[in-house]
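Letter by letter, the chains look like this.
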Amino acid sequence: MSAISPETAHDEGLGAERVPAALLVVVGAMLAAAVALAIAEGVQALAQATINGLVSGSYFALGAAGLTLVYGVLKLVNFAHGEFLTFGAYMAVFAQSAFGFPLALALPFAFVATAALALGLEFVMWRPMRRKGAGVLQLLLMALGLAFVLRNVIQVVAGTEVRKLSANVTSSVTFGGLHIGRTELWVVIVAFAALTALALMLGHTRLGTHIRALSDNAELAETTGLDTGRIIVYTWILAGGLAGLAGVVYGASIGVITPNLGFGIVLSIFAAAIIGGIGDAYGALAGGMLIGLVQEWSTLVFPVNLKVAVGFAAMILVLVLRPQGIFGRARTPGR
């Protein structure tokens, strides 16, 4: 087995391996579905559903990016990730009510607060458990328990009443008979800006190279002299911050915030991460957009309450085609 240095990790690890064949198949299937829906339901209805899908896909992708960063580096399935979204949304509400912050300032406040929560849990829970050699099952059960603890603590502290962010959810932008809410447009812009910044960081900075090297092979990364503890700290900061952003943009988009906010979409976020290739940050964007579009397109044919199930059906079809996800890498013997 050959060693992998941080420099040669440019083509390995989180989001580096491109899989054009699988992507072309998925894109082709999506185009075929779009043509069929346009013929059956009309171009106007399809276009509006596509806009709605891009909005929901934006916060799915943001949430999936943080989830997949943690899995890629630590191989930890963080079932408490949905509660990170909820925490971020409530931090934005707190910033607005306590300090009078506009949403533009409440957003970075939520990013920092949720990153701090994720980092605190790393030092209190995850790092001690890794040092004690905890297995996958123990870490999985701890993540599940943490999800319940965080959700109930938020409920006790913030109460069960519905909260709202100071965001304009009534006005919209209309063009060609189509419409998108001004807040929803802001959601798409913020999400794509954050995901673009993440992609640039992973692909063109030393930290990104180190994160990808550790994701590819932790033992080899340590033998090359990488400070893995520092990289894990930055991973949690990014993952927690992105989850906080996702919670704020989701809460702003739907207009209401409750202690179950993150729990309501965490399954779709997991589906997005798995479709893109769990552990692949670039795949989170593709998976998020695919789940968002499939769910919203399905409302043209099926009842709205079935759209999550349709999204999971799409996930199953993608995994049958490529079990590791669109951008994921196949497991090799000895890895």
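Structural data are supplied above this passage.
The paragraphs below set out a description of the structure included in this document. The structure displayed is predicted, hence computed values, not measured ones. (Residues numbered from 1 in each chain as written. Predicted model: local features only at pLDDT ≥ 70, side-chain atom pairs only at ≥ 80, totals over all residues. Heavy atoms only, no water.)

## Structural notes on the overall build of the protein
Then step 1. Regarding its fold elements, the protein presents 12 helices and two strands.
Then step 2. Along its sequence from the N terminus, the protein presents helices and strands in the succession α-α-α-α-α-β-β-α-α-α-α-α-α-α.
Then step 3. Over its C-alpha trace the protein gives a radius of gyration of 20 Å, about what one expects of a compact globule, namely 20 Å for 335 residues.
Then step 4. In terms of overall dimensions, the protein has a C-alpha envelope of 60 × 50 × 35 Å along the principal axes.
Then step 5. Of all 335 residues assigned to the protein, the portion counted as buried reaches 50%.
Then step 6. Long-range contacts, defined here as pairs at least 24 residues apart, represent 78% of the contacts in the protein between residues at least 6 apart.
Then step 7. Here the protein displays about 15,000 Å² of accessible surface, and carbon together with sulfur accounts for 69% of that area.
Then step 8. Each charge class in the protein was averaged separately, 18 positive and 15 negative side chains, and the resulting centres sit 4 Å apart. (Helix = DSSP H or I, 4+ residues; strand = E, 2+ residues; numbered from the N terminus. Rg over C-alpha atoms; globule rule 2.2 N^0.38 Å. Buried < 20%, exposed > 50% of the residue type's maximum accessible area, 1.4 Å probe, protein only. Contact = heavy atoms within 4.5 Å. Areas by Shrake-Rupley, 256 points an atom, 1.4 Å probe, with all protein chains shown as cover. Lys, Arg positive; Asp, Glu negative; His and termini not counted. Charge placed at Lys NZ, Arg CZ, Asp CG, Glu CD.)

## With respect to unusual backbone geometry
Then step 1. A positive phi angle, close to 55 degrees, is found at Lys75, a residue other than glycine.
Then step 2. Of note, Lys75 is situated in the loop between helix H2 (43–74) and helix H3 (81–99).
Then step 3. Judged by its relative accessible area of 45%, Lys75 is partly exposed.

## Re the side chain of Ser253
Then step 1. Within the secondary structure, Ser253 is located in helix H9 (residues 228–254).
Then step 2. Overall, Ser253 belongs to the buried group, its relative accessible area being 15%.
Then step 3. If we skip the residues at most four places from it in the chain, Ser253 touches Val55, Tyr59, Thr183, Glu184 and Val187.

## So, the packing of H3 against H9
Then step 1. With their axes 7 Å apart at the nearest point, H3 and H9 run at an angle of 65 degrees to one another. Once H3 is placed against H9, the crossing between them reads as right-handed. Only Trp236, Ala239, Gly240, Ala243, Gly244, Ala246, Gly247 and Val248 of H9 make contact with H3, whose side of the interface consists of His81, Phe84, Leu85, Gly88, Ala89 and Ala92.
Then step 2. Here the contact of H3 with H9 is built from residues that sort into nine nonpolar, five polar and no charged. (Axes fitted to C-alpha atoms, helices over the stretch in contact; angles between N-to-C directions. Left-handed = near helix turned anticlockwise from the far one by under 90°. Nonpolar A, V, L, I, M, F, W, Y, C, P; charged D, E, K, R; others polar.)

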